[in-house]
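Structural overview for review
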Amino acid sequence: MLAGKRVLLIIGGGIAAFKSLDLIRRLRERGATVTPVLTKAAEEFVTPLSTSALAGQKVFRDLFDLTDEAEMGHIELSRSADLVVVAPATADLMAKMAGGHANDLASTILMATDKRVLIAPAMNVRMWEHAATQRNIETLKGDAILFVGPDEGEMACGEHGPGRMAEPLAIVDAVEAALSSGPLKGKHVLVTSGPTHEPIDPVRYIANRSSGAQGTAIARSLSALGAHVTFVTGPADVAPPPGVSVRSVQTAQQMLDAVNSALPADAAVFAAAVADWRVASASDSKIKKGDKGTPTLEFAENPDILATVSQLESGRPQLVVGFAAETDDVLAHASAKRDRKGCDWIIANDVSPETGIMGGTENAVTLISAEGHEEWPRMTKARVAERIAARIAEALK
Ligand code: C5P
C-alpha cells in the first residue's frame, strides 16, 4: 500500500508515455498522491490535460513558469515527494541525469532532489544497447539510482529486444519496495548473488553453478522490510528484484570492487557462488583447437570477498552473513568456515544432488552463529529469504 505517499512522476518523451497514464491510475489506486511533470517531448505523446485529469493534480511543465516558481519552486517540488519516478526514462533523460545537466524542469528536479530516484527506461533496443547508454546506466547505478526494467519483447518500432518500459504494475511494485517502511528502513544492506565468470579467453570461462535464486529472494525480502539494498550480482539466471540498486559484474575481482565501493553497509549477505580460482593469464584472443595440443590452464586464487569484508578493521558491517554449500559433514564444515572467514553467521545447506536444492525452489538450511546452530525445516527459497531478512532486522535493532 502507498497510502499517504507522495510520488513525483517525471514523464519523458517516448511512445511508452501512454503507459504512464495507467501508472498514475495504479499508484493512486494504492493511495499515493502523484504529482506529474511532463518534459517538452512528453507532450508530443500525452497531453497535459489527460495527465492532470488522471493525477487529479496540476501538471508541472516549465522551469521558468513564474506562477509555479511563486507557488512552489523547482527545488521545493523536487523535495516535496517521498520518491521521484521517471517513466518512461528515455535515452536522452538518462544521459542528462548521468551528465548532471539541468536545463529544463525535469533535469533540474533530478539534480536538486534529495529523495531516491527510480527510473523505468524505455527506448529502442539499439539505443539501449548503445555504448553511450550502457555507460550512462553504469554511472546511474553508481549514483544509487533505482531501475525497474526495461523488459524484453516486441517494441512499438517493430524491433525486438530489451527496451520496453516495465509494465505499470511492475513499476508500482518497485515504488512500493523503494518506499516500504519496515523494520529495516534507513538501513543499508549489501547482498552478493549469482555466479562469477572467470574468463579463459574471450569466449570461454569457468564458473560455479548458481541460479542466483536464493540471493535474489534475500534481496527482495530485505527490500520489502524497508532496507536500501545494494545487489551485486554475477551473471545469474533470475532477474534482480525491483527497487534495489543493482551492480552487475562478471568476475570475482569486479565483485570485490563493487562491494568495496558500496560500503559502508549495516549488514552484508554474501550469497554469491564466487569462483575460487581464475585463470592466471586469460588469453586476449580465442585459444584455437589443435594449435598446440590440449591447453594447460594455470590458476590464481581469487580474493575471498566474504573473508575480506568480515576482517575489515574499519568500516566492517555490523552483521556479516556468509553461505556454505556443502555436500557432506555440513555442520562441521560450515562451522569451521565461519571461524576461518570471521563472519557472524553462516547459512549452511546440503547441496548433494539427491537433495534437489541446487537450482530448485526449496532449501533446507542451518543457521550457525556464535550462539550455536539452528536447523530450519525444508521450505521454499522465498520463505528462507523472508526468515533470514527477519532475523537480520532483529539483529540490527
Ligand atoms: O569458501 P566457500 O566458497 O565455500 O565460502 C562460501 C561463502 O563465501 C559464501 O558466502 C560466498 O558468497 C563467499 N565467498 C566469497 N568470495 C569468494 C568465495 C566465497 O565471498 N571468493
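Refer to the preceding data block for the structure.
Summarised in this report is the structure supplied together with it. This is a predicted model, so every value here is computed, not measured. (Residues numbered from 1 in each chain as written. Predicted model: local features only at pLDDT ≥ 70, side-chain atom pairs only at ≥ 80, totals over all residues. Heavy atoms only, no water.)

Across the sheet, which stays open at both edges, the eight strands sit in the order β12-β11-β8-β13-β16-β17-β19-β20 with mixed pairing between neighbours. Looking along the sheet, the strands with just one partner apiece sit at the ends: β12 (245-248) and β20 (372-375). With strand direction ignored, the average angle separating the axes of adjacent strands in the sheet is 15°. As paired elements, strand β19 (residues 365-369) and β20 share four bridges and run antiparallel to each other. Bridging from a neighbouring strand, L367 pairs with E374 of β20. Here helix α13 (residues 330-341) sits on the sheet and contacts β16 (319-326), β17 (345-350), β19 and β20; the angle it forms with β17, its principal contact strand, is near 155°. Running over the sheet, helix α14 (residues 381-395) touches β13 (267-270), β16, β17, β19 and β20 and is turned about 165° from β17. (Pairing = 2+ DSSP bridges. Helix = DSSP H or I, 4+ residues; strand = E, 2+ residues; numbered from the N terminus. Axes fitted to C-alpha atoms, helices over the stretch in contact; angles between N-to-C directions. Contact = heavy atoms within 4.5 Å.)

If you check the shell around the ligand, you find F270, A272, V274, D276, P303, D304, I305, L306, G322, F323, K337 and K341 and nothing else. Note that an oxygen atom of the ligand is positioned 2.6 Å from one of the backbone N or O atoms of A272. Coverage of the ligand by the protein chains reaches 87% of its 440 Å² of free accessible surface. For the ligand, the cavity whose grid points lie within 2 Å of the majority of its atoms is the largest pocket. Elements with a contribution of two residues or more to the shell around the ligand: α12 (305-310), β16 and α13. Looking at the shell around the ligand residue by residue, the class counts come to seven nonpolar, one polar and four charged. (Near = heavy atom within 4 Å. Polar contact = N/O pair within 3.5 Å; in protein donor to acceptor, adjacent residues only side chain to side chain. Areas by Shrake-Rupley, 256 points an atom, 1.4 Å probe, with all protein chains shown as cover. 1 Å grid on protein atoms, 1.4 Å probe; cavity = no way out; pocket = protein on both sides within 12 Å on 5 of 7 lines; lining within 4 Å. Sits in = over half its atoms within 2 Å of the grid points. Nonpolar A, V, L, I, M, F, W, Y, C, P; charged D, E, K, R; others polar.)

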